[in-house]
Amino acid sequence: MRSALIIAIIALSVVSCSKFSRVQKSTDYDYKLRMAEKYYVAKKYNYASQLYEELFPIMKGQPQFEDLFYKYAYCSYYLHDWLQAENLFKQFVEVFPTSAKAEEMEYMRAYTYFRQSPKAELDQTNTQKTIGLMQTFINTHPNSPKNKEASDIMDKCRVKLEEKEVGGALLYYNMGHYRAAAIAYSSLMNDFPDSQKGDTYKLQIIKSYYLFAMNSIEEKKLARFEQVVSECHDFMDRFPESTLKKEVENYETLSKNNIKATNNEQITKTN
């Protein structure tokens, strides 16, 4: 039974390919266009795309060209050929800037970059391009019904970029590169000032500078523990309602004790 089903599927595939081959060989361009439309409606985008590609230079300047271009671009999109789709969406707007479909094509161009946006730990070039193009779309089309969706996508992209930076800062911390970790977390706070995790990042700065001070040579410990205290004060100013206050107060106390011990040691040495 299973073998018969497989044979039937193969037979249908051969017949389909044979029929498509005959369409391709036809010199009747109107017929080819009708078949491309038929394949497109049937979601056989691979076949439709091949026919649209063949008709593309032939139909230029004709009334059908705009619709052909539009569907050809979407074929690439539905086939997940993001680079080709992005290029075609962009070209459509350049060729038909006043088209009723131009706004949609602009949005779809930005959206193809979003579809190419990888996991947070990987290179985020496409994520950054998504934000830039979506913001341009919103600025260019302030009344577009797509703006809410564009804003939501930008928020998702920012979350991913934030995760990327968190991963880098945490890596420095786990490797014991505490000064680099503190700088990375500071950059994170500057890059994402509205983050809900701002107090967590500030605590990580404090912890990093504290461990940096603890692992410093004696001559530099005083200034570095003083920096920790300064960071603790800044935390209290910025996040007075934070649930992390107790932990910050602990680091401030530890740092002040180390400052006192260091000062006493210096006095002893002087005497």
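Residues numbered from 1 in each chain as written. Predicted model: local features only at pLDDT ≥ 70, side-chain atom pairs only at ≥ 80, totals over all residues. Heavy atoms only, no water.

(A) Local environment of the packing of helix 10 (residues 198–214) against helix 11 (residues 218–238). Where helix 10 meets helix 11, the closest approach of the two axes is 8 Å, and the angle between their N-to-C directions is 165°. In terms of orientation, helix 10 and helix 11 fall into the roughly antiparallel class. As helix 10 runs across helix 11, the sense of the crossing is left-handed. Contacts from Asp-199, Lys-202, Leu-203, Ile-205, Ile-206, Tyr-209, Tyr-210, Phe-212, Ala-213 and Met-214 of helix 10 reach helix 11 at Lys-221, Arg-224, Phe-225, Gln-227, Val-228, Glu-231, Cys-232, Asp-234 and Phe-235. Among the residues making up the contact of helix 10 with helix 11, the classes are represented as 12 nonpolar, one polar and six charged. (Axes fitted to C-alpha atoms, helices over the stretch in contact; angles between N-to-C directions. Helix = DSSP H or I, 4+ residues; strand = E, 2+ residues; numbered from the N terminus. Parallel < 35°, antiparallel > 145°, perpendicular 65-115°, else oblique. Left-handed = near helix turned anticlockwise from the far one by under 90°. Contact = heavy atoms within 4.5 Å. Nonpolar A, V, L, I, M, F, W, Y, C, P; charged D, E, K, R; others polar.)

(B) Unusual backbone geometry, seen in detail. Residues other than glycine seldom take positive phi values, yet Lys-43 does so here, at roughly 65°. Note that Lys-43 resides in the loop between helix 2 (29–41) and helix 3 (45–59). Here the phi dihedral of His-80 falls at roughly 65°; this positive angle occurs in a residue that is not glycine. With respect to the helices and strands, the residue His-80 is situated in the loop between helix 4 (65–78) and helix 5 (82–95).

(C) A look at helix 4. An ideal rise of 1.5 Å per residue puts 20 Å on 14 residues; helix 4 measures up with 20 Å between its terminal C-alpha atoms. Across the 14 residues of helix 4, 11 count as buried, placing the element largely inside the fold. The complete set of buried residues in helix 4 reads Phe-65, Leu-68, Phe-69, Tyr-70, Lys-71, Tyr-72, Ala-73, Tyr-74, Cys-75, Ser-76 and Tyr-77. Note on helix 4: the residue one or two positions beyond its end, His-80, has a positive phi of about 65°. (Expected span 1.5 Å × (residues − 1). Buried < 20%, exposed > 50% of the residue type's maximum accessible area, 1.4 Å probe, protein only.)

(D) How the structure looks around the pattern of salt bridges. A complete count under the given rule lists 13 salt bridges for this structure. Between Glu-37 and Lys-71 there is a salt bridge, with its nearest N and O atoms 2.4 Å apart. Linking Glu-37 in helix 2 with Lys-71 in helix 4, this pair joins segments that are 34 residues apart in sequence. The class for Glu-37 is partly exposed, based on a relative accessible area of 21%. Overall, Lys-71 belongs to the buried group, its relative accessible area being 15%. Between Glu-149 and Lys-146 there is a salt bridge, with its nearest N and O atoms 3.4 Å apart. Given a relative accessible area of 33%, Lys-146 falls into the partly exposed group. One salt-bridge network, held together by shared partners, links Lys-202, Glu-231, Asp-234 and Arg-238. (Salt bridge = Lys/Arg side-chain N within 4 Å of Asp/Glu carboxyl O.)

(E) Examining the side chain of His-141 more closely. Looking at the element boundaries, His-141 is found in the loop between helix 7 (125–140) and helix 8 (147–174). At 3.1 Å, the side chain of His-141 forms a polar contact with the side chain of Glu-106. Those residues in contact with His-141, other than ones at most four positions away along the chain, are Glu-103, Glu-106 and Asn-147. (Polar contact = N/O pair within 3.5 Å; in protein donor to acceptor, adjacent residues only side chain to side chain.)

(F) Structural detail: the packing of aromatic side chains. Tallying each qualifying case throughout the model produces 31 aromatic pairs. Relative to Phe-92, the ring of Phe-69 has its centre 5.5 Å away and its plane inclined at 85°; by these criteria the two rings are edge-to-face. Of this pair, Phe-69 sits in helix 4 while Phe-92 is found in helix 5, placing the two residues 23 residues apart along the sequence. Taken as a pair, Phe-69 and Phe-92 share a single burial class, namely buried. With a centroid separation of 5.3 Å and 55° between ring planes, the pair formed by Phe-235 and Phe-239 is classed as tilted. If you follow Lys-101 out to its NZ or CZ, it ends over the ring of Tyr-70, 5.1 Å from the centre. (Phe/Tyr/Trp six-rings, centres within 6.5 Å; stacked < 30°, edge-to-face > 60°. Lys NZ or Arg CZ within 6 Å of the ring centre and 35° of its normal.)

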